[in-house]
Amino acid sequence: MSILNSENKRTAKAGKNILASAILKGIDMLSYFLLVPLLLGYLNPYEYGIWLTISSILAWIDSLDIGLGNGMRNRVAEALAKDDRKSARIYVSTTFFALAFIMGATIAVGTVISPFVDWYSLIGVSSGSVANLDKIIYFAFCLFCLNMIFKCIGSFFMALQMPAANSFLITTGHVLALAAIYLLTLFSKGNLMAVAIIYSLAPLAVYVAAYPITFNRLYQSLSPAISCFRKSCLKDLLSLGAKFFLLQISGILLFSFVNILISRQFGPEQVTPYNIAYRYFSIILVAMTIILTPLWTACTDAYTRGDIRWIRKTMKKIRLIVLANIVLLFIMVIASGFIYRLWINDMVQIPLSLSSLMALYIAILIASLSYSNFLNGLGKLKLQTINTVAMALLFYPFCRFMSGLGGINGILIGMCLLNLPGLILNIIQYHKIIDNTAAGIWNK
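Residues numbered from 1 in each chain as written. Predicted model: local features only at pLDDT ≥ 70, side-chain atom pairs only at ≥ 80, totals over all residues. Heavy atoms only, no water.

Asks: Would you mind going over the confidence of the model for the chain with me for this structure?
Replies: Mean pLDDT over the chain stands at 83; residues scoring 70 or higher make up 89%. Looking over the chain, one finds the lowest element-wise mean pLDDT in helix α10 (residues 231–266), namely 70, and the highest in helix α12 (residues 308–344), namely 91. When the criterion is pLDDT under 50, residues 1–7 qualifies, and its contacts beyond four places in sequence or with other chains add up to 11 contacts. (pLDDT = per-residue confidence, 0-100. Helix = DSSP H or I, 4+ residues; strand = E, 2+ residues; numbered from the N terminus. Contact = heavy atoms within 4.5 Å.)

Asks: What's the story with the packing of helix α6 (residues 133–150) against helix α9 (residues 192–218) in this structure? I'm lost.
Replies: Packed helix pairs are characterised by how far apart their axes lie and by the angle those axes make with each other. Packing of α6 against α9 brings their axes to within 9 Å, and their N-to-C directions diverge by 15°. The angle between α6 and α9 places the two elements in the roughly parallel class. α9 is crossed by α6, and the crossing has left-handed handedness. Taking contact as the criterion, the partners of Lys135, Ile136, Phe139, Ala140, Leu143, Leu146, Asn147 and Phe150 in α6 are, on α9, Leu192, Met193, Ala196, Ile197, Ser200, Leu201, Pro203, Leu204, Tyr207, Val208 and Tyr211. (Axes fitted to C-alpha atoms, helices over the stretch in contact; angles between N-to-C directions. Parallel < 35°, antiparallel > 145°, perpendicular 65-115°, else oblique. Left-handed = near helix turned anticlockwise from the far one by under 90°.)

Asks: What is the right way to look at α9 in this model?
Replies: Under the 1.5 Å per step criterion, the end-to-end length of α9 is 38 Å for 27 residues, consistent within 8% with the ideal 39 Å. The sharpest bend along α9 reaches about 30° and sits at Ala210, with the proline Pro212 one to four residues further on. Where α9 begins, one side-chain oxygen reaches toward the backbone nitrogen of Met193, 3.3 Å away; that side chain belongs to Asn191. (Expected span 1.5 Å × (residues − 1). Bend = angle between axes of the 7 residues up to and from the residue. Polar contact = N/O pair within 3.5 Å; in protein donor to acceptor, adjacent residues only side chain to side chain.)

Asks: I tried to follow unusual backbone geometry on my own but got confused; where do I start?
Replies: Among all residues save glycine, negative phi is the norm, and among peptide bonds the norm is trans. The phi dihedral of Asp83 is positive, around 60°, even though this residue is not glycine. Residue position: Asp83 is located in the loop between α3 (68–81) and α4 (85–113). According to the relative accessible area criterion, Asp83 is exposed, its value standing at 65%. The phi dihedral of Asn436 is positive, around 60°, even though this residue is not glycine. Its location among the elements puts Asn436 in the segment after α14 (382–434). (Buried < 20%, exposed > 50% of the residue type's maximum accessible area, 1.4 Å probe, protein only.)

Asks: Is there a simple way to think about the packing of aromatic side chains in this case?
Replies: Taken as a whole and judged by the stated rule, the model has 15 aromatic pairs. For the ring pair Phe156 and Phe157, a centre distance of 5.8 Å and an interplane angle of 65° mean the geometry is edge-to-face. Judged by its relative accessible area of 6%, Phe157 is buried. Here the aromatic rings of Phe157 and Tyr219 are separated by 6.2 Å at their centres, their planes lie at 75°, and the arrangement is edge-to-face. Residue Phe157 is found in helix α7 (residues 152–159), and its partner Tyr219 is found in the loop between α9 and α10; the two are separated by 62 residues along the sequence. Pairwise contacts between aromatic rings join Phe96, Phe97, Phe150, Phe156, Phe157, Tyr211, Phe215 and Tyr219 into one cluster. A cation sits over an aromatic face here: Lys432 above Trp442, 5.5 Å from the ring centre. (Phe/Tyr/Trp six-rings, centres within 6.5 Å; stacked < 30°, edge-to-face > 60°. Lys NZ or Arg CZ within 6 Å of the ring centre and 35° of its normal.)

Asks: Explain the environment of Arg312 to me, please; I cannot follow it from the model alone.
Replies: Along the chain, Arg312 turns up in helix α12. Remark: the alpha-carbon pair of Arg312 and His431, spanning 119 residues in sequence, is separated by 9.8 Å.

Asks: Sorry if this is basic, but what is going on with the pattern of salt bridges here?
Replies: As a working rule, side chains carrying opposite charge can pair if their charged atoms are close by. Summed over all chains, the structure comprises two salt bridges. Notably, a salt bridge pairs Glu78 with Arg75, separated by 3.2 Å at the nearest N-O pair. Here Glu78 and its partner Arg75 are both found in helix α3, three residues apart, which amounts to about one turn of the helix. For Asp435, the salt bridge goes to Arg312, with nearest N and O atoms at 3.2 Å. Residue Asp435 is located in the segment after α14, and its partner Arg312 is located in helix α12; the two are separated by 123 residues in the primary sequence. (Salt bridge = Lys/Arg side-chain N within 4 Å of Asp/Glu carboxyl O.)

Asks: Even after reading the chapter, I still don't get the side chain of Asn147, so can you show me in this structure?
Replies: Counting through the fold element by element, Asn147 comes out in helix α6. A distance of 3.4 Å separates a polar side-chain atom of Asn147 from the backbone nitrogen of Leu204. If we ignore the near neighbours within four places in the chain, the residues touching Asn147 are Pro203, Leu204 and Tyr207.

Structure representation (structure tokens):
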């Protein structure tokens, strides 16, 4: 790759992180691919579908940092581009302690509310099919919230233009979970509670272990300190972070509601083929994320320094990569039957029509992501936010209507139609900003 040997330091650093992230994401995907048949054999498709639905509900908590992680990522990157380490530490400290307060409050609220929620009815599961569903969700919920506090370590590495370090932490957590669940299958059978706790605890253990290494050894001058907490910076982070929050929560609600909608309309067992198809084709989405992640902060740095030429040149390469990945998605559709048999044998049947529509959906996502990644780096989020919130509000009624027409395939067609306006708006906004013609909402 020419990007690895570039004389431009920004490009070379991004290239090295792309290569390292690709290796780590490869290991991460392998661990997930191994986990699917392992859990299908341990839980059965019905229980596995319930776990996928629970996981999607817990993913909502991922948005409750109010965008602080991404807000910190942009602000710290800007501060370091100006060689202002003092401000960088203030942003890191303010983010960490704000997250600790938010997640503590979230656990307290969840503890009060959880006993009054009928989780069986919410996700369309009969009460006799799984024991202690409320406790399973509650324990996983608490561990997930604690994980969110320390997860800002990953955002910190992103701000340093070191996404490979973040990928290392994520991959290590998933590999640890895989190893623990494998041991679980040797000594027990069908314990959904144990799966939920292990899958939630493993990433938390990795982040807790990484904290002293990151802030007490490697980057002590940027470590969180309560004396560096600033209300004024919190307001700044929340102003930017609120836009990221709306993008995050809208995106997560879309993903989560798919599982809930399928579970309620067609039964938890039907969540399984949808998610297996998604995981197969999302290999391309993961590959694009590997490439784009280092470029988010690199674009922040380039725009802050006024290096528009670098942005134009980089985006031209990204468009070619998107086209190549769309071709690859077509090949994956053709090979899907063989890959499914190799991966999960005959435990789950996945129609070709489902695979084809999933490939189309992923194609739209990666094309849109290639432009939104640039806009995120610049903090130009208002138009994205309005579109994403509107899409989230329309999703459930529209896709429920589409499910009545075409089942799960109808839901996917609905998701494709809902995501097309965002792609078009992202393309238009990128060109306006890069040509210096953006005004009004196009420049916010």
